[in-house]
Amino acid sequence: IIVSNNGNVKGTVGEVKDYLPSTLTFDDTANEGWQLGNDGVLYNETLKDVVLNPGETKELKIVLNKVMTEDNTGTIVNKVEIS
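These remarks concern the structure in this document. Keep in mind the model is a prediction, meaning the values are calculated, not measured. (Residues numbered from 1 in each chain as written. Predicted model: local features only at pLDDT ≥ 70, side-chain atom pairs only at ≥ 80, totals over all residues. Heavy atoms only, no water.)

Looking only at helices and strands, the protein chain features zero helices and ten strands. The secondary structure elements of the protein chain, listed N-terminal to C-terminal, are β-β-β-β-β-β-β-β-β-β. Expressed along its principal axes, the backbone C-alpha trace of the protein chain runs to roughly 45 × 25 × 20 Å. Looking at the 83 residues of the protein chain, the share that counts as buried comes to 24%. For the protein chain, the computed accessible surface area is about 5,800 Å², with 47% contributed by carbon and sulfur atoms. (Helix = DSSP H or I, 4+ residues; strand = E, 2+ residues; numbered from the N terminus. Buried < 20%, exposed > 50% of the residue type's maximum accessible area, 1.4 Å probe, protein only. Areas by Shrake-Rupley, 256 points an atom, 1.4 Å probe, with all protein chains shown as cover.)

This is the structure in structure tokens:
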């Protein structure tokens, strides 16, 4: 996940939320900094209060798994937000 400041002033990052699609699974042992909430949302505060200057980018790594079958190939939409 790439977090970028596309604005003209510096800003801070809060919590990053990943709305885990139902077709994917999460393994906390493979995802340092990520926690699965009781609401099924993944949370990461690694960049909390980190200042991003205009044009600056930070990257978060997340590993999600999917069991592939003949019936479930294709594109997956994974919604992420900064809150």
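Okay, back to it.
Take the pairing of strand S3 (residues 16-19) next. Sheet topology note: the S3/strand S6 (residues 42-44) ladder contains three bridges and is antiparallel. Across the sheet, Val-16 pairs through a bridge with Asn-44, a residue of S6. Two strands pair when backbone bridges link them, and S3 and strand S10 (residues 79-82) are joined in this way by four bridges, in the antiparallel orientation. Looking at S10, one finds that Tyr-19 is bridged to Lys-79. (Pairing = 2+ DSSP bridges.)

Listed in full, the ten residues of the largest apolar core are Val-3, Val-13, Val-16, Phe-26, Trp-34, Leu-42, Leu-47, Leu-52, Leu-60 and Ile-62. Ignoring sequence-local partners within four residues, the contact set of Leu-52 consists of Val-3, Ser-4, Asn-5, Val-9, Lys-10, Gly-11, Val-13, Thr-57 and Lys-58. (Core = buried A, V, L, I, M, F, W, Y, C linked by side-chain atoms within 4.5 Å. Contact = heavy atoms within 4.5 Å.)

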